[in-house]
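# Structural overview for review
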Amino acid sequence: MRIIGNKRITFVLEGIFGVYNYGCEAIVRGTAVIIWHYWPDARIVYRSHRVAEDAVALKDIKVEVLPVLIQEKPKSIFERIWNKLVSQQRTSDPRYDWVKQGDVIMSIGGDILTLAPDQRTGDATIFWQVDHCRHIQSYGLPVILWGASVGPFDENPHASQAFTEILRNFRLITIREEISEKYLAQLKVVGNVLRVADPAFLMEPISSVECLGNMFTVSERPTIGVNLSPLSAQYEHVGLGFDLVASEQSQLLKKIALDLNVNLLLIPHVICPWSPGDDDFKHLEMIHNQLAADLAGRVALLPAGIGAQKTKGFIAQCDALIAARMHCAVAGVSSAVPTLFLSYSKKAFGMARYVYGNEEWVMPVSSDHDQIFQTINNLMKRRAEVKSLLHKRQDEFKQQSLQAGKLLFDLINRESLIND
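Residues numbered from 1 in each chain as written. Predicted model: local features only at pLDDT ≥ 70, side-chain atom pairs only at ≥ 80, totals over all residues. Heavy atoms only, no water.

## Notes on the overall build of the chain
Within the chain one finds 14 helices and 13 strands. When the 420 residues of the chain are sorted by exposure, 56% land in the buried category. A separation threshold of at least 6 residues defines the contact pool for the chain, and within that pool the share at least 24 residues apart is 72%. When the accessible area of the chain is evaluated, it comes to approximately 17,500 Å², of which 51% is carbon and sulfur surface. (Helix = DSSP H or I, 4+ residues; strand = E, 2+ residues; numbered from the N terminus. Buried < 20%, exposed > 50% of the residue type's maximum accessible area, 1.4 Å probe, protein only. Contact = heavy atoms within 4.5 Å. Areas by Shrake-Rupley, 256 points an atom, 1.4 Å probe, with all protein chains shown as cover.)

## A short note on unusual backbone geometry
Most of the time, phi is negative for any residue but glycine, and the peptide bond is trans. Note the cis peptide between G151 and P152, where omega equals 0°. The residue P152 is located in the loop between β5 (143-148) and α5 (157-169) in this model. At K188, a position not held by glycine, the phi torsion is positive, near 65°. A relative accessible area of 63% places K188 in the exposed class. At N261, a position not held by glycine, the phi torsion is positive, near 55°. Counting through the fold element by element, N261 comes out in the loop between α8 (242-259) and β9 (263-266).

## A look at the sheet that holds strand β8 (residues 223-227)
The pairing of strands in a sheet comes from backbone hydrogen bonds and takes either a parallel or an antiparallel form. Strand order in the open sheet formed by six strands is β10-β9-β8-β11-β12-β13, and the pairing between neighbours is parallel. Lying at the two open borders of the sheet, with one neighbouring strand each, are β10 (299-301) and β13 (362-364). Each adjacent strand pair in this sheet contributes to an overall mean axis angle of 20°, direction not counted. α8 contacts β8, β9 and β11 (320-323) of the sheet and is inclined by roughly 140° relative to β9. (Pairing = 2+ DSSP bridges. Axes fitted to C-alpha atoms, helices over the stretch in contact; angles between N-to-C directions.)

## What about the environment of L141?
Here L141 is to be found in the loop between α4 (128-137) and β5. Among the residues examined, L141 registers a relative accessible area of 15% and is labelled buried. The spatial distance from the C-alpha of L141 to the C-alpha of I105 is 7.2 Å, given a sequence separation of 36 residues. With residues up to four places along the chain from it excluded, the contact list for L141 reads V99, G102, D103, I105 and R171.

Next comes the structure, spelled out in structure tokens:
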């Protein structure tokens, strides 16, 4: 194999389920910026599970949105067992013929190589993520794990062994935060791992959006953006229904609004009405309805479906941001908005440490409400200091995001991975 100077390289982006998750949209857009920075004529194909909707959302960039014709994630235990047998024998699977259309395969799922709740016990021995990666890697093309957080798998020894195998077989792993990098070193996955910034840092906002002040009775009040997710009920408030979690969070937000004399902008970052357990808009709509009477003129809810760039444009107008979704937090800090990460996974702690150099502005979403209130109170008091820090780091964020492309460029040229 060798590189032909005038060959148009095709990059296939896979591993996400749709840009209804604005974090996934930000990853696609940021990855496209990186690729075209180093390969201006590259062809980028994004494999979508929601091709019609995603094609509309991404219509302004020259990314080809192609459908996932057959779901690679097995639904039944029989499919999972069959996939394991096929992958162990390295037998080709026609469901993966799409791999052949690319020169470089990029898994941009972000945190797909982590354990789902049902995979965390020792009873789970078959992992669809592992089977999926084995199939892709078996074609011999360079497969890249891109802008990722990984693990942990320690709760399940079967998982630790299986995931470690496929992680060692990626040609390159770009890790977006220190915690995952150290965990991979613990697994002795080191030779193919390099730390960079998340590609989402490169997504530009659309700033020609409605002036934030027009949404509130008193526009002179500071505005705190708030992103809360129903995932908190699954990860941090186990046993409580979505309505009870929303009610508790509403009480906290009411206290923040009144005691700190601020406006609240509720910001959904995942819009999926077909899956209430993952739909920020429905969750925040419940919160908005509970707050509307007590906070008339102080609370507003962004509409569903405006996309990642417009949402980032609104975030950029906020004085501070509270974000449960990590990529909503990335939209905040990459706009120099003082941001409190409310974490339901370790990746947010790693990202906060990368951004701030410490864990002062990150805490579990399940934290005591008094603790959250005191932290956001401190953040508001120090927001000028924090904003100045973020302003100074903007160029660094972008350059470290672009660094991932340089690593990929060097890899492809070094190994001459494109067919003659």
